[in-house]
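Structural overview for review
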Amino acid sequence: MMRRFGQAICLTLLAPLALACTPQQQDDLTRDAAKRAVRPVLEERLPGVPVEPATDCIIDNASSRELLSLAADAVTGPTANTVEIVSDIATRPETIRCLATEGLPALLTL
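First things first, this report covers the structure right here in the doc. (Residues numbered from 1 in each chain as written. Predicted model: local features only at pLDDT ≥ 70, side-chain atom pairs only at ≥ 80, totals over all residues. Heavy atoms only, no water.)

Next up on the list: the pattern of salt bridges. Side chains that differ in charge, positive against negative, can pair when their charged atoms come close. Inspection of every chain in the model, using the stated rule, returns 6 salt bridges. Put simply, Arg45 and Glu44 hold a salt bridge, and the shortest N to O gap is 3.3 Å. Of the charged contacts, one joins Arg92 and Asp88 as a salt bridge, the two residues approaching to 3.0 Å between their closest N and O atoms. (Salt bridge = Lys/Arg side-chain N within 4 Å of Asp/Glu carboxyl O.)

This part is about helix H2 (residues 23-45). Each α-helix winds once per 3.6 residues, and so residues spaced three or four apart point in a common direction. Look at H2: 33 Å from first C-alpha to last across 23 residues, which is about the 33 Å you get at 1.5 Å a residue. Looking only at H2, the buried set comprises Gln26, Asp27, Thr30, Ala33, Ala34, Lys35, Ala37, Val38, Val41 and Leu42. (Helix = DSSP H or I, 4+ residues; strand = E, 2+ residues; numbered from the N terminus. Expected span 1.5 Å × (residues − 1). Buried < 20%, exposed > 50% of the residue type's maximum accessible area, 1.4 Å probe, protein only.)

Within the structure shown, the criterion is met by 1 disulfide. Covalently, Cys57 is tied to Cys98 through a disulfide, its sulfur atoms 2.0 Å apart. An S-S torsion of about -80° defines the bridge between Cys57 and Cys98 as left-handed. Residue Cys57 is located in helix H3 (residues 51-60), and its partner Cys98 is located in helix H6 (residues 93-108); the two are separated by 41 residues in the primary sequence. Relative accessible area serves as the criterion here: at 1%, Cys57 is assigned to the buried category. (Disulfide = S-S within 2.5 Å.)

Turning our attention to the side chain of Glu66. Summarising the element assignment, Glu66 is placed in helix H4 (residues 64-76). Among the residues examined, Glu66 registers a relative accessible area of 12% and is labelled buried.

This part covers the environment of Leu70. Secondary-structure assignment places Leu70 in helix H4. Under the relative-accessibility criterion, Leu70 is labelled buried at 0%. Taking the C-alpha atoms as reference points, Leu70 and Val38, separated by 32 residues in sequence, lie 7.3 Å from one another. If near-sequence neighbours (up to four positions away) are discounted, Leu70 is found in contact with Ala33, Ala34, Ala37, Val38, Thr82, Ile85, Val86 and Ile89. (Contact = heavy atoms within 4.5 Å.)

Here we come to the environment of Pro78. Inspection of the secondary structure assignment puts Pro78 in the loop between H4 and helix H5 (80-90). Taking the C-alpha atoms as reference points, Pro78 and Arg39, 39 residues apart in sequence, are found 9.2 Å from one another. Discounting residues that sit within four places of it in the chain, Pro78 has contacts with Ala37, Pro40, Val41 and Asp73.

Written as structure tokens, this is what we have:
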């Protein structure tokens, strides 16, 4: 399902060039779109904190279904659904470990 969404994005973006995206490019497009929905949520909840490492942790620990939902939210802007998904992912042990190892060092360099 994620690949179909990514493929649709890819075909829309690259149709004028008559190029096709690889599955990896489709996944990358979906992840990039999902990041655009996650960043504003984190910026609102963590003002002044570098959000890139936290965004990466959220995206890396999201399921395919969550990534698709977040990518769709990137079109309309963050919604209550976006906040709920980000909050759910942020409380997972793997995400907490990622935030501690990746996010905390970024915070300490401020």
